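Chains, contacts and geometry: an overview
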Amino acid sequence: ATGTADATTFLRGDNAWAEAGGGKVLQVQKTAYPAQSSYHNTSTWNTTGSMSVSITPASASNFILVMSSDSYYLAGNGAANTSASSAIFETVSGTMVSYKYMGHNGAPASHDPCTMIGVYDPGDTSARTFQTKSYNGGAYYCAPRTTSGPDSGNIYWIIALEYEV
């Protein structure tokens, strides 16, 4: 291809020139959380130690990118093949936006980083709240954002980013 790239034109992978474009970020909401020491042992989605963030979309046709960074302390009390899961939910509809499985095989306990990313299509301009929840699938205990071990003292967060396509 011949031509010159500039602020509005770029060379695509197929060697053709194209107009630059695409969507734009309209707003970002972030909530940060310090470490905590609440444990749970439950076989249902649990809000112990959960994080949440709220956002109100400017347009029904926009999308929301939701991201979180957390860490879990899992202990199986010596039992093999214990596990836990974490997810981000939209709280009104109950829609799961992102999911992560964390496995653990017996002792000693493990510190598991948990980063999740998901996209949500709101369909309207109603305020939305996104919340992390964890599920203890057999671990003796599960502690989001532990205050002990290598992850103690970190700041954890959940972000909702509205973008236009």
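The structure this text deals with has already been given above.
Okay, so let's go over this structure.

Rules used throughout
- Each residue is numbered by its place in its chain's sequence as written, counting from 1.
- Side-chain atom pairs in this predicted model are given and counted only at pLDDT of 80 or more, local residue features only at pLDDT of at least 70, and totals for whole chains, interfaces and linings cover all residues.
- Neither water nor hydrogens contribute to the side-chain values; these are computed over all heavy atoms in the structure.
- When a carboxyl oxygen of Asp or Glu lies within 4 Å of a side-chain nitrogen of Lys or Arg, that pair is called a salt bridge.
- Only protein chains enter the accessibility calculation, which uses a 1.4 Å probe; a residue is then buried when its area is under 20% of its type maximum, exposed when over 50%, and partly exposed in between.
- In DSSP terms, a helix is any run of H or I states spanning at least four residues, a strand is any run of E spanning at least two, and both are numbered starting from the N terminus.
- Patch definition: residues above 30% relative accessible area lacking any salt bridge, with like charges linked at up to 9 Å and the nonpolar side chains Val, Leu, Ile, Met, Phe, Trp and Tyr linked at up to 5 Å.
- Method for areas: the Shrake-Rupley scheme with a 1.4 Å probe, in which residue coverage is limited to the protein chains shown.
- Put simply, a nonpolar core is a bunch of buried Ala, Val, Leu, Ile, Met, Phe, Trp, Tyr and Cys residues held in one set by side-chain atoms that sit within 4.5 Å of each other.
- Two residues form a contact once any of their heavy atoms are found within 4.5 Å.
- Between 30 and 60 degrees the pair is tilted, below 30 it is stacked and above 60 it is edge-to-face, where a pair is any two Phe, Tyr or Trp rings, Trp via its six-membered ring, whose centres lie within 6.5 Å.
- The rule is short: NZ of Lys or CZ of Arg within 6 Å of the ring centre and within 35 degrees of the ring normal puts a charge over the ring.
- In this analysis, strands are considered paired if DSSP registers two or more bridges between them.

This part covers the pattern of salt bridges. What the rule picks out here adds up to one salt bridge. One salt bridge in this structure joins R128 and D124, with 3.1 Å as the shortest N-O distance. R128 gets classed as buried once you look at its relative accessible area, which sits at 9%.

In this section: the environment of S43. Along the chain, S43 turns up in the loop between β3 (24-33) and β4 (52-55). Classification of S43 as exposed rests on a relative accessible area of 52%. S43 sits 41 residues away from A84 along the chain, and the two C-alpha atoms are 9.3 Å apart.

On to a nonpolar patch on the surface. Together, W45, M96, Y99 and Y101 make up an exposed nonpolar region whose accessible area comes to about 420 Å². Tracing the backbone through its elements, the reader meets W45 in the loop between β3 and β4. Overall, W45 belongs to the partly exposed group, its relative accessible area being 31%.

Grouped together as the largest cluster of nonpolar side chains are 19 residues, with contacts concentrated most on I64, V66, F130 and I158. For this core, the elements supplying multiple residues, two or more each, are β4, β5 (63-75), β6 (82-90), β7 (96-104), β8 (110-120) and β11 (156-164). Of all the elements, β5 adds the most residues to this core, at four residues. Residues in contact with I158, not counting those within four places in the same chain, are Q29, K30, T31, Y33, M51, S52, V53, V66, M67, S68, F130 and T132.

Here we come to the environment of L161. Among the structural elements, L161 can be located in strand β11. Here the alpha-carbon distance between L161 and F63, two residues 98 residues apart in the chain, equals 8.3 Å.

Attention shifts here to the packing of aromatic side chains. Under the counting rule described, the total for this entry stands at five aromatic pairs. For the pair Y120 and F130, a centre-to-centre distance of 5.4 Å together with 75° between the ring planes defines the contact as edge-to-face. Here Y120, found in strand β8, pairs with F130, found in strand β9 (residues 128-136); they are ten residues apart in sequence, far enough to count as distant. Through successive ring pairs, a cluster of aromatic residues spans W45, F89, Y99 and Y135. Positioned over the ring face of F89 is K133, at 5.0 Å from the centre of the ring.

Here we come to unusual backbone geometry. The phi angle at N15 is positive, at roughly 70°, despite the residue not being glycine. Relative to the assigned elements, N15 resides in the loop between β1 (9-11) and β2 (17-19). For N15, a relative accessible area of 44% translates into the label partly exposed.

Of the strand pairs in this sheet, β3 and β11 are connected by nine bridges, and their pairing is antiparallel. Considered in β11, the bridge of V25 is made with Y163. Bridging between β5 and β11 involves seven bridges; their strand directions are antiparallel. Within β11, the residue paired with L65 across the bridge is L161.

Summarising the element assignment, L65 is placed in strand β5. L65 gets classed as partly exposed once you look at its relative accessible area, which sits at 21%. C-alpha separation for the pair L65 and Y163, spaced 98 residues apart in sequence, amounts to 7.6 Å. The contacts of L65, once residues within four sequence positions are left out, are I117, G118, V119, I159, A160, L161 and Y163.

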